[in-house]
Amino acid sequence: MGAVTVDGGKGTVELAEGVLHLIWKPGTVLEAEDVRAAIATVNEIAEGVEYPMLIDITNTQSVTRQAKAMFSTKCAASRIALLGSNPVSRVIANFAMARRTRPCPTRFFASREEAMTWFVQPPFS
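Residues numbered from 1 in each chain as written. Predicted model: local features only at pLDDT ≥ 70, side-chain atom pairs only at ≥ 80, totals over all residues. Heavy atoms only, no water.

1. Considering the overall build of the protein
Thought 1: From N to C terminus, the protein includes four helices and eight strands.
Thought 2: If you list the helices and strands of the protein from N to C, you get β-β-β-β-α-β-β-α-β-α-β-α.
Thought 3: Here the protein, with 125 residues, has 43% of them falling under the buried criterion.
Thought 4: In the protein, of all internal contacts separated by at least 6 residues, the share reaching a separation of at least 24 is 73%.
Thought 5: Element-wise, carbon and sulfur atoms account for 54% of the exposed surface of the protein, whose accessible area totals about 6800 Å². (Helix = DSSP H or I, 4+ residues; strand = E, 2+ residues; numbered from the N terminus. Buried < 20%, exposed > 50% of the residue type's maximum accessible area, 1.4 Å probe, protein only. Contact = heavy atoms within 4.5 Å. Areas by Shrake-Rupley, 256 points an atom, 1.4 Å probe, with all protein chains shown as cover.)

2. Notes on the sheet that holds strand E8 (residues 106-109)
Thought 1: Spatial strand order, E1-E2-E3-E5-E7-E8: six strands in an open sheet with mixed pairing. With partners counted over all chains shown, the strands left at the sheet margins are strand E1 (4-5) and E8, one partner each.
Thought 2: With four bridges joining them, strand E7 (residues 77-83) and E8 adopt parallel strand pairing. In the strand pairing of E8, Ile80 is matched with Thr106.
Thought 3: Helix H1 (residues 32-46) contacts E1, strand E2 (11-16), strand E3 (19-24) and strand E5 (51-56) of the sheet and is inclined by roughly 155° relative to E3.
Thought 4: Sheet contacts for helix H4 (residues 112-119): E3, E5, E7 and E8; angle to E7, the most-contacted strand, approximately 165°. (Pairing = 2+ DSSP bridges. Axes fitted to C-alpha atoms, helices over the stretch in contact; angles between N-to-C directions.)

3. Some details on the pattern of salt bridges
Thought 1: Per the stated rule, a full pass over the model turns up three salt bridges.
Thought 2: The salt bridge partner of Glu50 is Lys74, with a shortest N-O separation of 2.9 Å. Of this pair, Glu50 sits in the loop between H1 and E5 while Lys74 sits in the loop between helix H2 (65-69) and E7; the two residues are 24 residues apart in sequence, bridging distant segments of the chain.
Thought 3: By relative accessible area, Glu50 is classed as partly exposed at 47%.
Thought 4: Overall, the relative accessible area of 42% leaves Lys74 in the partly exposed class. (Salt bridge = Lys/Arg side-chain N within 4 Å of Asp/Glu carboxyl O.)

4. A look at the packing of aromatic side chains
Thought 1: Taken as a whole and judged by the stated rule, the model has two aromatic pairs.
Thought 2: Geometrically, the ring pair formed by Phe109 and Trp118 is tilted, given 5.6 Å between the ring centres and 45° between the ring planes.
Thought 3: A relative accessible area of 5% means that Phe109 is categorised as buried.
Thought 4: With a centroid separation of 5.9 Å and 35° between ring planes, the pair formed by Trp118 and Phe119 is classed as tilted. The burial state of Trp118 is the same as that of Phe119; both residues are buried.
Thought 5: Here a set of aromatic residues connected by ring pairs shows up, and it is made of Phe109, Trp118 and Phe119.
Thought 6: A cation over an aromatic ring shows up here: Arg79 above the ring of Trp118, its NZ or CZ 4.9 Å from the ring centre. (Phe/Tyr/Trp six-rings, centres within 6.5 Å; stacked < 30°, edge-to-face > 60°. Lys NZ or Arg CZ within 6 Å of the ring centre and 35° of its normal.)

5. Quick notes on the side chain of Arg79
Thought 1: Note on placement: Arg79 falls in strand E7.
Thought 2: Buried within the structure, Arg79 lacks any salt-bridge partner; Glu50 is the closest side chain of opposite charge, at an N-O distance of 9.5 Å.
Thought 3: A polar contact is formed between the side chain of Arg79 and the backbone oxygen of Trp118, at a distance of 2.4 Å. (Lys, Arg positive; Asp, Glu negative; His and termini not counted. Polar contact = N/O pair within 3.5 Å; in protein donor to acceptor, adjacent residues only side chain to side chain.)

The structure is reproduced here in structure tokens:
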């Protein structure tokens, strides 16, 4: 299956080689409905199975307060790697990881390769 556009058109989700890939379009301002739509798309593609998920937030412009509240919502992800390479993505990732109730292990990576390596490590590493 190829990439599926998230309702609202701000991102795409794809399941490739056992990893869910959520990629937000450059300049995206994430709102609660965007996050809700992405979660629904992820769950639909996963069909009841949990997969590691790589979320590319490199070019995300900002996240609204309402969208940030959605970060604790459980979806079909067994682990979440937030991928970014600039200060804005680092701020977004830090906020997401600071939530007390993360839905699964979540880490920030500046390298896609490091994120993919983390996915195959034993739990709790």
